[in-house]
Amino acid sequence: MSAASCLLTEDQFLCSICLDVFTDPVAIPCGHNFCKTCITKHWNVNVQSQCPNCKEVFNYRPELRVNTFISLMAAQFRQSAQQKASSSSSEQQAAKPGEVPCDVCTGTKLKALKSCLVCLVSYCETHLELHLTTSGLKRHQLIDPVENLEGRMCTKHDKQLELFCKTDQMCVCMLCTVLDHKNHDVVPLKEGYEGKKAKLGKTEAEIQQMIQKRRLKIQEIKHSVELSEEDADREIADGVQVFTALKESVERSQAELIDTIKEKQRKTEKQAEGFIKELEQDISELKKRSTEVEQLSRSEDHLHLLQSLRTLNTAPPTKNWTRVRVSPPSYAGTVRRALNQLEETLSKQMKKLFEVELKRVQQSAVDATLDPDTAHPNLILSDDGKQVKTGDVKKKLPNNPERFDRWANLLAKKSFSSGRFYFEVQVKGKPRWELGVARESINRKGHITLTPQNGYWTIWLSNENEYIALAGPDIRLSLKSQPQKVGVFVDYEEGLVSFYDVHAAALIYSFTGCCFTEKLYPFFGPCDNSDGRNSAPLIISPVNHTK
């Protein structure tokens, strides 16, 4: 039997349906052999009883009987293949995690060398030999081992996916192009692959660019955190310095107050001690005279008594204590004077603090320029866009949506939607003016009420020489001096708008807790001319950083 098997080629032991060594081989009337299970399943799927090889049709399904001779030969061939596989398996490597295993190996799965797109099976070196030596299997398409070979087959037609439909952007088989994708733009997989790969290359470049941008943003954020930490440390140091000075000043004022009160008390005690000493001396003298009088009154010697009375008639020198008083010292105004002195010290510290604060906000200075497209027709702007005043003649200008048409107002050209910005405006010589910031969507036509609710954060110098924060309701401000130059500072994220008297280095007013969601523009209101009394311009000044 061994000699007989040598006369047969290896492909004669393979079922043409499962492409594996026969299991229970049966012969059908046309003479072709198949695994009993394979041909039975084939005929169960197909209504006609037909030979898969020669396509001969049988009127009745043939009775299947196992061919014992071929079965014996196949078993011998299988045993020989297994022995050969076991002898070579020691030289081959078992499949590691992530590697494609051989689908034929039983027990330890060896690493697959190739996958067959016809058989949809992956083979190790031993089990691949049939595909390399058997003429029928040599025509099969072998590729580097891959998993999920079923995914490379058309689920509808059970054919290999070898084309790409550009119209529907999907992989298809040959039958798909005839049935489901007729007249579509279909190209070979390689062409579709190259087109997609080119796009993937572009996408990868875009992704890398996005990654780089985000890395730069991370660096920017980290740098911002570092700057914030430096600002926080500096603020803490300045705060500790200020409060330490205030604490020392309070402690010093308290100690001086106590010393002043105690000194007054010591003077009172010293005065009282002097009076008491004198009184005690008087008492001592009087007691001595009382003893002498008592002794003389008991004398029976007439002559002695009369002679002694001459001496006693001279009374001891005594002070008239009737009007002598020890009045408690007056402490009225002592505490008040100490507090006034402390307040003066506090004012000096506050001034230093505001000087530091102003110096910091000036670091956010921007170059603001007036926007003529927003200016009321009565306003006169300088050529450089840094000065504006109100004239008496209303110019004929287009009433564009950005222009204020009733009140003498205008905005700056540049807007801000994040971060911090600061600008300074000279208001010297103007009895009326308005300054601040406004959001982009403000109403600029007709009567306007300047309030935060309407998108304006401003302060106003009225005709009555009152400084007012237009906070809705108005807040009247008490200023120690009239500002000649006003600084306006905005922290968008913090929701803060602050106004400073630049020369006095003093805070005028702050809008806090604001919620900004739009672009903000610097806002200017020179107000009406008042028959020439308010003809001085508002001047956007370059920022000279406070020393």
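Everything below is about the structure printed above this text.
This one's a predicted model, so the numbers in the text were calculated from it and none came from an experiment.

### Regarding the pattern of salt bridges
Under the definition given, this model contains 16 salt bridges. Look at the salt bridges and you will find they share partners, linking Glu235, Asp238 and Arg360 into a network.

### Some details on the state of the cysteines
As used here, a disulfide is simply a covalent bond connecting the sulfur atoms of two cysteines. Counting across every chain of the model gives zero disulfides. No disulfide involves Cys102; its sulfur sits 3.6 Å from the nearest other cysteine sulfur, which is in Cys105. Of the cysteine sulfurs around Cys176, a residue in no disulfide, the closest is that of Cys173, at 3.5 Å.

### Brief notes about the packing of helix H7 (residues 189-297) against helix H9 (residues 334-361)
Two numbers describe how H7 lies on H9: the axes approach to 10 Å, and their chain directions differ by 170 degrees. Relative to H9, the element H7 is oriented roughly antiparallel. Between H7 and H9 lies a crossing whose hand is right-handed. Here the contact of H7 with H9 is built from residues that sort into 12 nonpolar, seven polar and six charged.

### Focus: the nonpolar core
Membership of the largest hydrophobic core comes to 38 residues, with the highest contact counts inside it found for Trp433, Val486 and Phe524. Excluding its chain neighbours within four sequence positions, the residues that come into contact with Phe524 are Leu370, Ala408, Asn409, Leu410, Leu411, Ala412, Phe423, Val425, Glu434, Leu435, Leu538 and Ile540. Counting residues in each nonpolar core, the second largest holds 21 residues, with Ile28, Trp43, Cys51 and Leu137 among its members.

### Points about the sheet that holds strand S21 (residues 506-511)
With antiparallel pairing, the seven strands of this open sheet are ordered in space as S11-S12-S23-S14-S19-S20-S21. Here the strands that pair on one side only, and so sit at the sheet edges, are strand S11 (379-381) and S21. Ignoring which end each strand starts from, the neighbouring axes of this sheet average 20 degrees apart. Pairing of strand S19 (residues 485-491) with strand S20 (residues 496-501), which is carried by six bridges, proceeds in the antiparallel orientation. Counterpart to Asp491 in the pairing with S20 is Leu496.

Reading guide: rules and limits
Note on numbering: residues in each chain are counted from 1, in written sequence order. Owing to the predicted nature of the model, reporting of local features is limited to residues with pLDDT of at least 70; listing and counting of side-chain atom pairs is limited to 80 or more, with chain, interface and lining totals taken over all residues. The basis for every side-chain value is the complete set of non-hydrogen atoms in the structure, without hydrogens or water. A side-chain nitrogen of Lys or Arg and a carboxyl oxygen of Asp or Glu constitute a salt bridge if their distance falls within 4 Å. Disulfides are defined as pairs of cysteine sulfur atoms found within 2.5 Å of each other. In this description, a line fitted to the C-alpha atoms serves as the axis of each element, helices being fitted only across the stretch in contact, and the angle between N-to-C directions of two axes falls anywhere from 0 to 180 degrees. Numbering of helices and strands starts at the N terminus; helices are DSSP runs of H or I of at least 4 residues and strands are runs of E of at least 2. Convention used here: angles under 35 degrees read as roughly parallel, angles over 145 as roughly antiparallel, angles from 65 to 115 as roughly perpendicular, and any remaining angle as oblique. Here a crossing is taken to be left-handed if its near helix is turned anticlockwise relative to the far helix by less than a right angle, and right-handed if that turn runs clockwise. Any residue that is not Ala, Val, Leu, Ile, Met, Phe, Trp, Tyr, Cys, Pro, Asp, Glu, Lys or Arg is counted as polar, Gly included; the first ten are nonpolar and the last four charged. Think of a nonpolar core as a cluster: buried Ala, Val, Leu, Ile, Met, Phe, Trp, Tyr and Cys residues, connected wherever their side-chain atoms sit within 4.5 Å. Between buried and exposed lies partly exposed: a residue is buried under 20% and exposed over 50% of the maximum accessible area for its type, with that area taken using a 1.4 Å probe on protein chains only. The contact criterion used is simple: two residues touch if any of their non-hydrogen atoms lie within 4.5 Å. For two strands to pair, DSSP has to find at least two bridges joining them.

These figures come from the coordinates and say nothing about function on their own.
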